[in-house]
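The chain contents come next:
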Amino acid sequence: KLEKTGSKTIVLGGPLISKAIIRIITDKAFQSWKKAFEAKEVWESLGFDYIPIEPILTVGDRLRAFKTNKGLWRVSTKVLGPSLPNFLNKIENKKYEQELLEMKNKIEIGLNELNVKHGHLHDNNFCVDFYQGRIRLYAIDFDQAVS
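Rules used throughout
Residues numbered from 1 in each chain as written. Predicted model: local features only at pLDDT ≥ 70, side-chain atom pairs only at ≥ 80, totals over all residues. Heavy atoms only, no water. Helix = DSSP H or I, 4+ residues; strand = E, 2+ residues; numbered from the N terminus. Buried < 20%, exposed > 50% of the residue type's maximum accessible area, 1.4 Å probe, protein only. Contact = heavy atoms within 4.5 Å. Core = buried A, V, L, I, M, F, W, Y, C linked by side-chain atoms within 4.5 Å. Phe/Tyr/Trp six-rings, centres within 6.5 Å; stacked < 30°, edge-to-face > 60°. Expected span 1.5 Å × (residues − 1). Arc of directions from axis to C-beta.

For the rest of this paragraph, the subject is the overall build of the protein chain. The helix and strand inventory of the protein chain stands at 4 helices and 8 strands. Going residue by residue from the N terminus, the α and β elements of the protein chain occur as β-β-α-α-β-β-β-β-α-α-β-β. Relative to its 147 residues, the protein chain shows a buried fraction of 43%. Intrachain contacts of the protein chain at a sequence separation of at least 6 include 60% that bridge at least 24 residues.

To continue, consider the nonpolar core. In terms of nonpolar packing, the biggest core is built from 38 residues, with Trp43, Ile53, Leu100, Leu137 and Phe142 touching the most fellow members. Broken down by secondary-structure element, the contributors of at least two residues to this core are α1 (27-37), α2 (40-45), β6 (73-78), α3 (84-88), α4 (97-113), β7 (126-131) and β8 (134-139). Once residues lying within four places of it in the same chain are set aside, the contact partners of leucine 137 are Tyr50, Pro52, Leu84, Leu100, Met103, Lys104, Ile107, Phe126, Cys127 and Val128.

Let us now look at the packing of aromatic side chains. Following the criterion strictly, the structure yields 8 aromatic pairs and no others. Considering the side-chain rings of phenylalanine 48 and tyrosine 50, the 5.5 Å spacing of their centres and the 90° angle between planes classify their relative orientation as edge-to-face. Just as phenylalanine 48 is buried, tyrosine 50 falls in that class too. Ring geometry for phenylalanine 87 against tyrosine 96: centres 5.8 Å apart, planes inclined by 50°, an arrangement best described as tilted. Through a chain of ring-to-ring contacts, the aromatic side chains of Trp43, Phe48, Tyr50 and Tyr138 assemble into a single cluster.

This brings us to α4. Taking 1.5 Å of rise per residue, the 17 residues of α4 would be expected to cover 24 Å, and the 24 Å separating its terminal C-alpha atoms lies within 8% of that figure. Listing the buried residues of α4 in full gives Leu100, Met103, Lys104, Ile107, Gly110 and Leu111. Buried residues of α4, seen end-on, are gathered within an arc of 125° and therefore sit on one face of the element. Of the exposed residues in α4, those oriented more than 90 degrees away from the buried face are Gln98, Asn112 and Glu113. In this fold, the buried residues of α4 make contact with α1, α2, α3, β7 and β8. The positive-phi residue at the C-terminal boundary of α4 is asparagine 115, with phi of around 60°.

Here it is in structure tokens:
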């Protein structure tokens, strides 16, 4: 288990270490996260060529999200890179600051368009990752989200 406030987060070991975690969240939070994650058209209209929301893992076309007997959701998600502040604290990453802040602003605009209230969207709930040599920013930790 990962020590954090809010929802329970389980860090996986073995071959999935540093690749996947499981978040255990309420139905309301999951539905909001899912809404933002599946809003491909909104993100494309804002100039993203990817979904800038914490990735929910899939098997085939199905989300790896399962409702528990207690009505909570166990959601498998991809481990991303460092938080925005941790990334920008390194002098060699300052060259990305303007681009990342523009992405952050667009993510906030997209969530507003979707009427998804994250609940605690501070800089540490944005993570930086690289894909095929290009920088990406993701909003994460939707455990307090509502829509």
